[in-house]
Amino acid sequence: MAETQVWRVDPNAPDLEHTPQIQAAAEKLVQGEIVAFPTETVYGLGGNAKLQDSVRKIYEAKGRPSDNPLIVHVANLEQVREICTEIHPVAQKLIHAFWPGPLTLVLPSRGTVSNAVTAGLSTVAIRMPSHPVARAVISASNLPIAAPSANRSGRPSPTQAEHVFHDLDGRIAGILDGGETGVGVESTVVDCTTTPITILRPGGITKEQLIEVVGPVSDDPGLVRSDQAPKAPGMKYKHYAPSATMYLVPAGESRIRELISSEKAKGRRVGVLTTEEKQGGYPDADVLLVCGRRSEPSTVAHHLFDVLRHFDQKKVDVIFSETFDQKGIGKAVMNRLSKAAGGRILD
Ligand code: TXA
Ligand code: MG
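Residues numbered from 1 in each chain as written. Chains lettered and ligands numbered in written order. Predicted model: local features only at pLDDT ≥ 70, side-chain atom pairs only at ≥ 80, totals over all residues. Heavy atoms only, no water.

**Looking at the side chain of His73**
Right, so step 1: Relative to the helices and strands, His73 is located in strand 4 (residues 71–73).
Right, so step 2: At 3.2 Å, the side chain of His73 and the backbone oxygen of Ile71 are in polar contact.
Right, so step 3: Beyond its immediate stretch of four places on either side in the chain, His73 contacts Arg127, Pro129, Ile138, Leu143, Pro144, Ile145 and Ala147. (Helix = DSSP H or I, 4+ residues; strand = E, 2+ residues; numbered from the N terminus. Polar contact = N/O pair within 3.5 Å; in protein donor to acceptor, adjacent residues only side chain to side chain. Contact = heavy atoms within 4.5 Å.)

**Some thoughts on the sheet that holds strand 13 (residues 270–274)**
Right, so step 1: Read from one edge to the other, the open sheet built from four strands follows the order 12-15-13-14, with strand pairing classed as parallel. Two strands bound the open sheet, and with one partner strand each, they are strand 12 (245–248) and strand 14 (287–290). Ignoring strand direction, the axes of neighbouring strands in this sheet form an average angle of 20°.
Right, so step 2: Here strand 13 pairs with strand 14 via four bridges, running parallel. Among the inter-strand pairings, Thr274 is bridged to a residue of strand 14, identified as Val290. (Pairing = 2+ DSSP bridges. Axes fitted to C-alpha atoms, helices over the stretch in contact; angles between N-to-C directions.)

**Focus: the environment of His310**
Right, so step 1: You can see His310 is positioned in helix 10 (residues 297–313).
Right, so step 2: Between the C-alpha atoms of His310 and Asp191, which are 119 residues apart in sequence, the distance is 33 Å.

**Concerning the packing of helix 10 against helix 11 (residues 330–340)**
Right, so step 1: Two elements in contact, helix 10 and helix 11, have axes whose closest approach is 10 Å; the angle formed by their N-to-C orientations is 15°. It follows that helix 10 is roughly parallel to helix 11 by the angle criterion. For the crossing formed where helix 10 meets helix 11, the hand is left-handed. In this structure, helix 10 contributes Val300, Ala301, Leu304, Phe305 and Leu308 to the contact, and helix 11 contributes Val333, Arg336, Leu337 and Ala340.
Right, so step 2: Of the residues in the contact of helix 10 with helix 11, the class split is eight nonpolar, no polar and one charged. (Parallel < 35°, antiparallel > 145°, perpendicular 65-115°, else oblique. Left-handed = near helix turned anticlockwise from the far one by under 90°. Nonpolar A, V, L, I, M, F, W, Y, C, P; charged D, E, K, R; others polar.)

**Thoughts on the site of ligand 1**
Right, so step 1: Every one of the 29 residues lining ligand 1 counts as a neighbour, but Thr41, Asn68, His73, Ser187 and Gly234 are closest to it.
Right, so step 2: Protein contact buries 97% of the 680 Å² of open area that ligand 1 shows by itself.
Right, so step 3: Most atoms of ligand 1, that is more than half of them, are within 2 Å of grid points of the largest pocket.
Right, so step 4: For the shell around ligand 1, the secondary structure elements donating two or more residues are strand 3 (43–48), strand 4, strand 6 (123–127) and strand 10 (198–201).
Right, so step 5: Broken down by element, the residue count for the shell around ligand 1 peaks at four residues, all from strand 6.
Right, so step 6: In terms of residue class, the shell around ligand 1 is built from 16 nonpolar, eight polar and five charged. (Near = heavy atom within 4 Å. Areas by Shrake-Rupley, 256 points an atom, 1.4 Å probe, with all protein chains shown as cover. 1 Å grid on protein atoms, 1.4 Å probe; cavity = no way out; pocket = protein on both sides within 12 Å on 5 of 7 lines; lining within 4 Å. Sits in = over half its atoms within 2 Å of the grid points.)

**Some words on the layout of surface pockets**
Right, so step 1: In this structure, the largest pocket encloses a volume near 750 Å³.
Right, so step 2: In this structure, the largest pocket is lined by 44 residues; those nearest its centre are Arg64, Asn68, Pro69, Ile71 and Arg201.
Right, so step 3: Mapped by element, the contributors of at least two residues to the lining of the largest pocket are strand 4, strand 5 (103–108), helix 5 (115–118), strand 6, strand 9 (188–191) and strand 10.
Right, so step 4: By residue number, the principal contributor to the lining of the largest pocket is strand 6, which donates four residues.
Right, so step 5: Looking at the lining of the largest pocket residue by residue, the classes come out as 19 nonpolar, 17 polar and eight charged.
Right, so step 6: For the second largest pocket, the calculated volume is near 560 Å³. (Points joined across faces, edges and corners; volume = space filled by probe spheres on them.)

**Notes on the UniProt feature "domain: YrdC-like" (unreviewed entry) in the protein chain**
Right, so step 1: Mapped onto the present numbering, the UniProt feature "domain: YrdC-like" (unreviewed entry) falls at residues 19–205.
Right, so step 2: Overall, residues 19–205 shows 33% helix and 20% strand. The separation of its end C-alpha atoms is 31 Å. (UniProt positions renumbered as here; feature names shortened; annotations may be inferred.)

**Remarks on the domain arrangement of the protein chain**
Right, so step 1: When cut into domains, the protein chain gives domain 1 (5–223) and domain 2 (245–341).
Right, so step 2: The gap between the C-alpha centroids of domain 1 and domain 2 is 29 Å.
Right, so step 3: The interface of domain 1 with domain 2 comprises 27 residues on the first partner and 16 residues on the second.
Right, so step 4: Between domain 1 and domain 2, the buried area comes to about 1,600 Å², and carbon and sulfur atoms account for 50% of it.
Right, so step 5: Three residues stand out in domain 1 for area buried against domain 2, namely Pro156, Val185 and Pro202, and they jointly supply 31% of the buried area on that side.
Right, so step 6: Taken together, domain 1 and domain 2 are joined by four salt bridges.
Right, so step 7: Between Arg155 and Asp312 there is a salt bridge, with the nearest N and O atoms lying 3.0 Å from each other.
Right, so step 8: Counting the contacts that link domain 1 with domain 2 gives eleven residue pairs in polar contact (both at pLDDT 80 or more).
Right, so step 9: Those elements giving two or more residues to the side of domain 1 that touches domain 2 turn out to be helix 7 (161–168) and helix 8 (207–214).
Right, so step 10: When residues in the side of domain 1 that touches domain 2 are grouped by element, the largest group, three residues, is from helix 7.
Right, so step 11: Among the residues making up the side of domain 1 that touches domain 2, the classes are represented as six nonpolar, 13 polar and eight charged. (Domains from an automatic or database assignment. Buried area = accessible area lost by both parts, 1.4 Å probe. Salt bridge = Lys/Arg side-chain N within 4 Å of Asp/Glu carboxyl O.)

Below, the structure written as structure tokens:
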């Protein structure tokens, strides 16, 4: 494929939609090409959701299994009405409270987006991002934009344009570089076709926030049970994994110190994922990466994927990670960490 263009753009620039960079990226989308752009969660890889050929290019560039449907990104409610058959009162409440923002709603599909987007399901996942660059490029293209995270399938989601470039250079038409993303983990995916609504993937909007607005909320049992498939097809795949084997260590510092010495005794290079508060606790680790502050879990979410990618550059053989409370955004952090560790937890 042709060279991947990089367009630097200042998210705070006035009249972003009419800047040459946004116009150039939107033109590619209109031509059926695929481009990456920042959202408030992670970078997305966008294409025209109505055009089968564009959607196929997304799956190809990512190496994504075709049974894993994509989220359609919109800039206004009129686009939502074109895509789904109904927005019932609970979905309306969620839209009112959390859009634009890191919440994806699974709604009954009208069948107006390509079948490849929904992977043949009767529902469609929709979200209205709040990032100014995402909003500008969707508006400028005047299209519903199908956009999974802009990583090669299985890799940590990208929170910087450099991550996208590393994974997808030469495979996509361009990247809008709007700097680091804010939230750092992906949107919360909520199935609005069940009563009560069901969280299919924990993310940027917490369960506590959802309950405050709509009352009871269930969790997809497939997220925690091994005998039941998750309802969001993407949640069944191995994901986010660094190349070294990673273990979560809930017992914390002193147990991690023991593990470091026994691994080093076997000649292995050991990495530790820690936090500002505890970084002094592992003097013998070969590579120590600090992932935010425990006292502010949003900072852990913000740094998580960048830290996971960094371990690959540091060429460690094994990684031990601290764990976090499953409260608020901590739930999304622990979900991504356990996937990165392939479910490996050490007592
Ligand atoms: O924050 C985000 O959501 C980012 C940014 C780019 O918007 N996007 C993202 O997309 O994380 P992706 O494709 O990496 O994850 C979408 C998840 C997958 O687990 C997929 O299986 C699920 O949403 N999904 C999509 N459509 C669905 C549907 N109709 N029913 C159930 N799950 C669905
Ligand atoms: Mg993804």
